[in-house]
Amino acid sequence: MQITLTGIIRLVFERLHIPANWVAPTVMLVASVIVLFFILFVVLYLIYGLRKIMGWIQARIGPNRVGPYGLAQTIADALKLLAKEDIMPAMADKWPFIIAPIIVFVPAYMVYLVIPFGKGGSWVAQDLSIGVLYISAILSIPIIGIITAGWASNNKWSLLGSFRAAAQLVSYEVPLALAMIPPVMLAGSMSLQGIVHAQQGVWFGIFPKWFLATQILGFAIYMMAALAESNLIPFDIMEAESELVAGFNTEYSGMKFALFFLAEFAGMFTVSAIAATLFLGGWLPIHPALSFIPPVFWFLGKTLVLIFVLMWIRSTLPRVRVDQLMSFGWKVLIPLALLNIVWTGAVVLFFPR
Amino acid sequence: MPTITLQQFMFGAIALVILGSAILVATLRNIFHCLLFLALSFLGVAGVYLLLSADFLAAVQVLVYIGAITVLMMFALMMTHRVMTTDISQSLTQWWLAPLPIALGIFAVLFRVYVRHGGQALVDTKHHAVPTTGIIGQALLTRYMLPFELASILLLVAMVGAIILAKEDKSDDPA
Amino acid sequence: MDNYAYIALFAVIGVAFSIFVMLLSWAIRPHRPSKVKLEPYECGEIPFGNAWRQFKVGYYIFALVFVIFDVEAIFIFPWAKELLNFKAKGLGVFAFAEMMIFIAILVVGLIYAWRKGVLKWD
């Protein structure tokens with residue numbers, strides 16, 4: 001028998017004579033908290049990983065003082081942020097200034113509701129049938145938080161940065177959504193588990209039936225839009241230090257700043273995880289013969305490879321100009337994404353699965 | 001004593017959020033604060049859709065009304081000077097006279113529907129919800145094919161109109 | 001069967017966590033404000049008026065065009081989900097053609113915006 005969270009909690013509740021109808025809500029609560037701690041852990045080590053990888057690429061060492069190989073560095077950083085003085089500018093708009101980081105962080109966490117870490121219902125909090133659309137909808141909320149942060153700071157740089165950020169996010173949200181449509185067409189399902197299941201099997205006994213096979217263009221569009229949506233170089237216009245001080249979060253410090261930071265790195269994992277699910281077969285092994293490795297390792301492995309690629313791009317490329325950024329989104333990515341939908345329609349119609 | 005189901009409790013809570021934030025939108029003086037409460041009100045409406053198992057509509061509500069319309073209004077606020085600095089006060093003291101008949105009219109219609117159905121709730125809460133996206137897709141492609149295509153023309157007209165209104169004509173080389 | 005209560009639960013836990021860490025840091029951090037510290041940081045210049053003033057109109061047009069394309073993407077989603085079903089019923093080409101008309105009309109809009117120079121950041 002497989003050990004599941006529901007099974008464990010049911011067993012514990014039976015021992016403690018707690019009524020059985022408390023099991024389901026408790027499972028939900030525990031699962032949500034597990035996801036939250038997963039995000040915190042992942043973010044801490046993504047930051048560490050980014051600093052190490054950027055260090056190696058730029059012929060430096062990266063963090064190496066706190067703990068073995070500097071592994072405790074980001075924990076120390078987090079504790080430092082927790083104990084830092086939190087300055088709110090005297091002219092700031094008080095309550096919007098405080099809720100802005102919450103509006104940005106909460107959606108970044110809510111997306112994890114539908115991300116399938118492995119096979120079956122116990123590896124995803126809730127596999128919604130509108131999965132892909134849910135992701136698009138939730139990812140459109142942080143824009144409000146970013147504008148609120150810039151506006152409430154009452155700082156010209158923050159406000160300018162926040163509106164630039166909003167213009168960028170808004171422009172790249174369209175190609176991102178359009179690039180997520182082809183996997184839905186190929187799978188005939190919007191649930192992320194359904195999309196993974198539709199990628200099972202191999203062609204000619206060797207090539208995995210991942211959607212990447214027909215979606216090389218779609219995958220490229222998705223990854224470029226994802227770079228922009230998660231605000232990574234070459235698309236980090238919104239916090240171009242040389243132009244905008246630090247963008248919309250110039251005035252933020254302490255824990256409020258940490259929430260923005262948390263959301264940004266949680267988003268980096270999210271976009272990679274969604275790319276792995278939609279195009280690279282999610283938790284499916286590369287070949288059925290390798291299915292002795294648990295699905296969750298396949299999922300995390302693919303996601304980490306994509307994250308590495310994002311970090312690699314980030315540490316090697318220069319930043320694009322703001323006008324190049326906008327025209328690339330509207331004049332290249334959106335037409336290509338529409339073309340890709342037409343192509344995928346033809347694939348669905350004329351190729352047998 | 002009638003027992004309140006979880007659904008009824010959730011509806012009550014969401015209704016309070018929607019109405020409360022709508023009242024704040026109409027009465028607050030700082031227009032940016034109004035926009036934030038407008039977004040909260042929209043979010044509440046998405047919650048009502050979810051309670052009715054209209055999952056597709058709920059996602060659309062968030063995507064369009066919060067992710068696009070509210071953002072558009074925030075951009076509009078940016079280009080309207082003076083609005084941002086001064087706290088505008090409601091100059092019309094009888095502003096509540098206009099919404100009053102509208103609210104009463106809607107209430108009358110709803111009340112009539114309620115009475116006609118013998119005081120029964122119109123929402124079927126006994127059956128499990130079915131995902132609605134597929135049903136909507138089928139309806140769009142068969143029965144509502146013409147409205148579906150007209151929608152794209154409507155979107156085109158809206159875009160052309162918006163561009164004409166918002167941009168002074170300076171056509172440039174398509175670079 | 002989807003459990004929508006989960007969405008609400010995630011929202012509540014996310015907000016609760018944010019408030020918790022803010023309160024935690026409020027409890028342990030120092031609090032020594034001074035007049036200079038509370039000024040907005042504008043590269044060391046003494047700020048001049050507040051920031052709530054008019055910005056350029058250019059940003060607005062992107063938001064406008066975005067609303068249109070956002071709605072378009074939403075129309076494509078139900079079609080994308082049903083395309084395989086229509087193919088199974090032998091109506092695949094019909095469904096495909098319908099969406100091609102829909103997309104073509106919107107591409108006209110995109111070309112119009114392009115020619116008008118709306119998609120150019122200046």
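Conventions and cut-offs
Position labels on residues start from 1 in each chain and follow its written sequence. Labels are handed out in written order, letters beginning with A for the chains and numbers beginning with 1 for the ligands. Given that this is a predicted model, residues contribute local features only at a pLDDT of at least 70 and side-chain atom pairs are listed and counted only at 80 or more, while totals for whole chains, interfaces and linings are drawn from all residues. Where helices and strands are cited, they refer to DSSP runs of H or I of at least four residues and of E of at least two residues respectively, numbered from the N terminus. Three exposure classes are used. Buried residues have 20 or more other C-beta atoms within 10 Å of their own C-beta, exposed residues have 12 or fewer, and partly exposed residues fall in between, all C-beta atoms being placed from the backbone. Each residue is represented by a C-beta atom placed from its backbone, and any two residues with such atoms within 7 Å are regarded as in contact. One fewer than the residue count of a helix, multiplied by 1.5 Å, yields its expected span. Joined through C-beta atoms within 7 Å, a set of buried Ala, Val, Leu, Ile, Met, Phe, Trp, Tyr and Cys residues constitutes a nonpolar core. Within a predicted model, pLDDT stands for the predictor's per-residue confidence, ranging from 0 to 100. In this count, Pro and Cys sit with the nonpolar residues alongside Ala, Val, Leu, Ile, Met, Phe, Trp and Tyr, while Asp, Glu, Lys and Arg are called charged and the others, Gly among them, polar. The domain limits used here are those given by an automatic or database domain assignment. Orientation is described by lines fitted to C-alpha atoms, with helices fitted over the stretch in contact, and by angles between N-to-C directions that extend from 0 to 180 degrees. Note on angle classes: values under 35 degrees are labelled roughly parallel, values over 145 roughly antiparallel, values of 65 to 115 roughly perpendicular, and the remainder oblique. Crossing handedness is defined as follows: a turn of the near helix away from the far one that is anticlockwise and smaller than a right angle gives a left-handed crossing, while the clockwise case is right-handed.

### Description of the overall build of chain B
Reasoning step 1: A tally of regular secondary structure across chain B gives 6 helices and 0 strands.
Reasoning step 2: In sequence order, chain B lays out its α and β elements as α-α-α-α-α-α.
Reasoning step 3: Residue burial in chain B is summarised as follows: out of 175 residues, 25% are buried.
Reasoning step 4: The contacts in chain B between residues at least 6 apart in sequence include a share of 56% that link residues at least 24 apart.

### Concerning helix H9 (residues 216–229) of chain A
Residues and elements named next belong to chain A.
Reasoning step 1: Relative to the 20 Å expected for 14 residues at 1.5 Å per residue, H9 spans 20 Å between its end C-alpha atoms, a close match to the ideal helical length.
Reasoning step 2: When H9 is considered as a whole, its buried residues turn out to be Gly218, Phe219, Ile221, Tyr222, Met224, Ala225, Ala226, Leu227, Ala228 and Glu229.
Reasoning step 3: As for H9, its buried residues are in contact with helix H7 (156–187), helix H11 (254–279), helix H12 (295–316) and helix H13 (322–350).
Reasoning step 4: Downstream of H9 by one or two residues, Asn231 has phi in the positive range, about 60 degrees.

### Quick look at the nonpolar core
Reasoning step 1: Core analysis: the biggest nonpolar cluster contains 186 residues, and A:Ala166, A:Leu178, A:Ala225, A:Ala275, B:Ala59, C:Ala63 and C:Val65 have the highest contact counts within it.
Reasoning step 2: Among the elements that make up this core, the one with the highest residue count is H7(A) (21 residues).

### Quick word on the confidence of the model for chain A
Reasoning step 1: Here chain A averages 86 in pLDDT, and 95% of its residues register 70 or above.
Reasoning step 2: Across chain A, the element-wise mean pLDDT spans from 59 in helix H10 (residues 241–244) of chain A up to 92 in helix H5 (residues 131–139) of chain A.

### Things to note about the interface of chain A and chain C
Reasoning step 1: Between chain A and chain C, the contact holds 64 residues from the first and 60 residues from the second.
Reasoning step 2: Contributions of two or more residues to the side of chain A that touches chain C are made by helix H2 (23–57), helix H3 (73–83), helix H4 (94–110), H7, H11 and H13 of chain A.
Reasoning step 3: Within the side of chain A that touches chain C, the residues separate by chemical class into 43 nonpolar, 13 polar and 8 charged.

### Overview of the domain arrangement of chain B
Reasoning step 1: Segmentation of chain B into domains returns domain 1 (1–87) and domain 2 (130–167).
Reasoning step 2: Using C-alpha coordinates to define each centre, domain 1 of chain B is positioned 24 Å away from domain 2 of chain B.

### Considerations on the environment of A:Ala276
Residue and element names in this part refer to chain A.
Reasoning step 1: Among the secondary structure elements, Ala276 is positioned in helix H11.
Reasoning step 2: Note on Ala276: 26 C-beta atoms within 10 Å, which makes it buried.
Reasoning step 3: When neighbours within four sequence positions are excluded, Ala276 is seen to be in contact with Gly282, Phe299, Lys302, Thr303 and Leu306.

### Thoughts on the packing of helix H1 (residues 6–27) of chain B against helix H2 (residues 31–51) of chain B
Residues and elements named next belong to chain B.
Reasoning step 1: In the contact formed by H1 and H2, the axes pass within 8 Å of each other and the chain directions differ by 155 degrees. Classified by the interaxial angle, the pair formed by H1 and H2 is roughly antiparallel. Handedness of the crossing formed by H1 with H2: left-handed. On H2, the residues touching Gln7, Met10, Phe11, Ile14, Val17, Ile18, Ser21, Ala22, Leu24 and Val25 of H1 are Cys34, Phe37, Leu38, Leu40, Ser41, Gly44, Val45, Gly47, Val48 and Leu51.

### Quick notes on the environment of A:Gly282
Residues and elements named next belong to chain A.
Reasoning step 1: Positionally, Gly282 belongs in the loop between H11 and H12.
Reasoning step 2: What makes Gly282 buried here is the crowd of 27 C-beta atoms within 10 Å.
Reasoning step 3: Measuring from C-alpha to C-alpha, the distance between Gly282 and Asp323 comes to 35 Å, with 41 residues separating the pair along the chain.
Reasoning step 4: Apart from residues no more than four positions distant in its own chain, Gly282 is found in contact with Pro116, Val196, Ala276, Thr277 and Phe299.

### Examining unusual backbone geometry
Reasoning step 1: The phi dihedral of A:His17 is positive, around 60 degrees, even though this residue is not glycine.
Reasoning step 2: With respect to the element layout, A:His17 can be found in the loop between helix H1 (5–15) and H2.
Reasoning step 3: Since 6 C-beta atoms lie within 10 Å of it, A:His17 is described here as exposed.
Reasoning step 4: For B:Ser53, which is not glycine, the phi torsion reads 60 degrees and is therefore positive.

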